[in-house]
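Spelled out, the chains give:
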Amino acid sequence: GAVVSQHPSRVICKSGTSVKIECRSLDFQATTMFWYRQFPKKSLMLMATSNEGSKATYEQGVEKDKFLINHASLTLSTLTVTSAHPEDSSFYICSALPRQGNLRDTQYFGPGTRLTVL
Amino acid sequence: AQKITQTQPGMFVQEKEAVTLDCTYDTSDPSYGLFWYKQPSSGEMIFLIYQGSYDQQNATEGRYSLNFQKARKSANLVISASQLGDSAMYFCAIQSDFNKFYFGSGTKLNVKP
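So, how was this worked out
- Residues numbered from 1 in each chain as written.
- Chains lettered and ligands numbered in written order.
- Predicted model: local features only at pLDDT ≥ 70, side-chain atom pairs only at ≥ 80, totals over all residues.
- Heavy atoms only, no water.
- Helix = DSSP H or I, 4+ residues; strand = E, 2+ residues; numbered from the N terminus.
- Rg over C-alpha atoms; globule rule 2.2 N^0.38 Å.
- Contact = heavy atoms within 4.5 Å.
- Areas by Shrake-Rupley, 256 points an atom, 1.4 Å probe, with all protein chains shown as cover.
- Buried area = accessible area lost by both parts, 1.4 Å probe.
- Salt bridge = Lys/Arg side-chain N within 4 Å of Asp/Glu carboxyl O.
- Polar contact = N/O pair within 3.5 Å; in protein donor to acceptor, adjacent residues only side chain to side chain.
- Nonpolar A, V, L, I, M, F, W, Y, C, P; charged D, E, K, R; others polar.

**Observations concerning the overall build of chain B**
Each helix and strand counted, chain B has zero helices and twelve strands in total. Starting at the N terminus, the α and β elements of chain B follow one another as β-β-β-β-β-β-β-β-β-β-β-β. By the compact-globule yardstick of 13 Å for 113 residues, chain B fits well, its C-alpha radius of gyration being 13 Å. Oriented by its inertia axes, the alpha-carbon framework of chain B measures out at about 45 × 30 × 20 Å. Sequence-distant contacts in chain B: of pairs separated by 6 or more residues, those separated by 24 or more amount to 53%. For chain B, the computed accessible surface area is about 5,400 Å², with 50% contributed by carbon and sulfur atoms.

Right, dumping it as structure tokens:
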């Protein structure tokens, strides 16, 4: 089956630093990847859509200068949380849309990255 | 705009019994997909079942079945013969024309031995 990895799985950083999270599709090419944020015991909230070779599109209310997204290749998208603050602490999950595929199983989710900002 | 509503924040079920998790949705898209995912405490999102808006029959995947009532805009998940390993968060999601997923607030299922 299609596999999506995220790195790191867990990161703790000091307030004011930037953190980069990688999302990779391991055995398929993904023209589109999605980034979600999940607070404890809450639902996944779509943050942005990452398209290979073009700018990401952000959902309403998501600061694009705060959450930088780069989709440099068909297998890699990165999310950089700039100048992180404690309120950015959350579980970040990515998903990847295969370049070719039918509607079912359209998105494959990564295992998530838990960010804690001290 | 898409909206998914899960009205059961928590559910209990006895092992080996069946349980239904509710999901209603609202969308203006003429075609859409409905998904159910399981999220154990590890955080990974596990795909369970998919229903296309034009599918005539209700989807089934092993012990999972989807009770799809298009006119009522509901897509309830039925888990038969519950197992202890079924204890987890369950999310209903709708897929828009742009392939975006919008998730409901989730239902925490606890299976009692």
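That was the structure; now back to the text.
**With respect to the interface of chain A and chain B**
Each partner contributes to the interface: chain A provides 19 residues, whereas chain B provides 20 residues. With both chains or domains summed, chain A and chain B bury close to 1,600 Å², and 56% of this area falls on carbon and sulfur atoms. Viewed at the interface, chain B and chain A are joined by one salt bridge. Two residues, Lys 100 of chain B and Glu 59 of chain A, come together in a salt bridge whose shortest N-O distance is 2.7 Å. Run the count over chain A and chain B and you get four residue pairs in polar contact (both at pLDDT 80 or more). Within the residue set of the side of chain A that touches chain B, elements represented by two or more residues are strand S4 (30–38), strand S5 (44–51) and strand S9 (90–98) of chain A. A breakdown of the residues in the side of chain A that touches chain B according to their chemical character gives ten nonpolar, five polar and four charged.

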